[in-house]
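The lines below spell out each chain.
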Amino acid sequence: MVRAQRVGEVQVFSFDVDGTLVGPGFADSVWLRGIPAAYAEKEGLSFEAAFEHIKREYDQIGENRIEWYKIDYWLKRFGLEIPCEKLFNEYKGEIRIYEEVEGVLNVLKEEGYELIISSNAATEFIEFQTKPLKKFFSRVFSATSDFREVKKSDDYYARVCELLGVKPQAVVHTGDHWVFDFLNPRKIGINAYYLARNRRRSRADEKSTNSEGVKAKEEDEFVISDLNELLDSPVC
Ligand SMILES: [Mg+2]
């Protein structure tokens with residue numbers, strides 16, 4: 001389906017990272033295995049005891065504070081002298097780029113779109129995990145590292161557009177968080193797609209017999225289950 005009025009307007013495709021380009025395995029391993037293991041070794045504790053301690057400390061800070069996202073902060077707080085790069089290398093086998101990603105980025109790039117990353121993760125996590133995809137992206141924006149924002153707000157997206165020198169209407173953003181990747185970018189006019197990789201059955205199908213079904217169906221147009229669907233989307 002191609003909507004003539006939109007063709008030619010879109011210049012930029014933006015992607016979230018965790019859950020969108022890569023699976024969550026690597027980040028989870030670094031935070032929940034690597035750091036507790038290093039702490040256990042330093043303190044002479046069992047892994048379980050170290051894990052409990054580390055987890056309590058994480059929870060005490062919580063995801064609404066900027067420190068939560070900063071690995072250097074945590075390494076220092078736990079007195080760990082292990083360089084972040086070494087820790088990352090230990091778990092690089094856990095990085096899983098979803099299988100359709102490279103093909104889709106290739107097509108978009110060849111069609112002349114500018115591709116960018118818009119993630120909540122700290123820059124070092126983004127860059128390490130997306131190394132094999134580096135050639136596709138012209139810019140990498142981290143809400144936490146670049147803007148000191150803990151979530152991708154509508155203001156965050158407005159700043160990204162400003163830095164790119166494009167109107168929100170010229171941007172397509174895709175990510176797997178309903179609020180931070182879908183509702184917030186839509187607030188300022190970005191064409192956002194919600195990626196639901198585990199979706200079995202669309203909400204439109206479930207509700208198609210009642211009046212809500214119409215609304216769900218419209219919304220469903222912007223819910224995709226893998227990135228290939230972007231290539232058939234009205235904006236492409
Ligand atoms: Mg995500």
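This write-up is about the structure you can find in this document. (Residues numbered from 1 in each chain as written. Predicted model: local features only at pLDDT ≥ 70, side-chain atom pairs only at ≥ 80, totals over all residues. Heavy atoms only, no water.)

**A few points about the overall build of the protein chain**
Of regular secondary structure, the protein chain possesses twelve helices and six strands. Scored against the burial criterion, the 236 residues of the protein chain give a buried share of 48%. Long-range pairs, those at least 24 residues apart, make up 64% of the contacts in the protein chain with a sequence separation of at least 6. When the accessible surface of the protein chain is split by element, carbon and sulfur atoms take 47% of a total near 12100 Å². (Helix = DSSP H or I, 4+ residues; strand = E, 2+ residues; numbered from the N terminus. Buried < 20%, exposed > 50% of the residue type's maximum accessible area, 1.4 Å probe, protein only. Contact = heavy atoms within 4.5 Å. Areas by Shrake-Rupley, 256 points an atom, 1.4 Å probe, with all protein chains shown as cover.)

**A short note on the packing of helix H1 (residues 25–43) against helix H2 (residues 47–61)**
For any two helices packed against each other, the geometry is given by the interaxial angle and the distance between the axes. The geometry of H1 relative to H2 is characterised by a closest axis approach of 8 Å and an angle of 115 degrees between their N-to-C directions. Note that H1 runs across H2; the crossing there is right-handed. Between H1 and H2, the residues in contact are Trp31, Leu32, Arg33, Ile35, Pro36, Ala37, Tyr39 and Ala40 and Phe47, Ala50, Phe51, His53, Ile54, Lys55 and Tyr58, respectively. Considered class by class, the residues forming the contact of H1 with H2 number twelve nonpolar, one polar and two charged. (Axes fitted to C-alpha atoms, helices over the stretch in contact; angles between N-to-C directions. Left-handed = near helix turned anticlockwise from the far one by under 90°. Nonpolar A, V, L, I, M, F, W, Y, C, P; charged D, E, K, R; others polar.)

**What about the coordination of the magnesium ion?**
Here the magnesium ion is held by Asp16 (OD), Asp18 (O) and Asp176 (OD), and the distances to it run 2.1 to 2.2 Å. In the primary sequence, the donor residues of the magnesium ion line up as D-x1-D-x157-D. Taken together, the residues span a long stretch of sequence, with Asp16 in the loop between strand E1 (12–15) and H1 and Asp176 in the loop between strand E4 (171–175) and helix H9 (178–187) at a distance of 160 residues. (Donors = N, O, S within 2.8 Å, 3.2 Å for Na, K, Ca; no water.)

**Digging into the sheet that holds strand E3 (residues 139–142)**
Spatial ordering of the open sheet is given by E3-E2-E1-E4-E5-E6, a layout of six strands whose pairing is parallel. What marks the edges here is a single partner per strand, and that holds for E3 and strand E6 (223–224). In this sheet, strand E2 (residues 114–119) lies alongside E1 in parallel orientation, the contact comprising four bridges. Bridged to Phe15 within E2 is Ile117. Strand contacts of H9: E4, strand E5 (191–195) and E6, with the helix running at about 160 degrees to E5, the strand carrying the most contacts. (Pairing = 2+ DSSP bridges.)

**Some thoughts on the nonpolar core**
Of all hydrophobic cores here, the largest spans 57 residues; its most connected members are Phe13, Phe15, Leu21, Ile35, Ile71 and Phe125. The biggest single contributor to this core is H1, with eight residues. Each of two domains, domain 1 (12–23 + 96–231) and domain 2 (25–94), supplies a minimum of three residues to this core. Grouped together as the second largest cluster of nonpolar side chains are 14 residues, Phe141, Tyr157, Leu164 and Val171 included. (Core = buried A, V, L, I, M, F, W, Y, C linked by side-chain atoms within 4.5 Å. Domains from an automatic or database assignment.)

**Looking at the pattern of salt bridges**
Evaluated as defined, the whole model comprises 13 salt bridges. Residues Lys151 and Glu63 are paired through a salt bridge, measuring 3.8 Å at the closest nitrogen-oxygen approach. With Lys151 in the loop between helix H7 (143–147) and helix H8 (154–164) and Glu63 in the loop between H2 and helix H3 (71–77), this pair connects stretches of sequence that are 88 residues apart. The structure contains a network of salt bridges with shared partners spanning Asp16, Lys152 and Asp181. (Salt bridge = Lys/Arg side-chain N within 4 Å of Asp/Glu carboxyl O.)

**What to know about the environment of Phe13**
Within the secondary structure layout, Phe13 lies in strand E1. Residue Phe13 is classed as buried on the basis of its relative accessible area, which comes to 0%. Put simply, Phe13 and Ala170 are 157 residues apart on the chain and 8.7 Å apart in space, counted from C-alpha to C-alpha.

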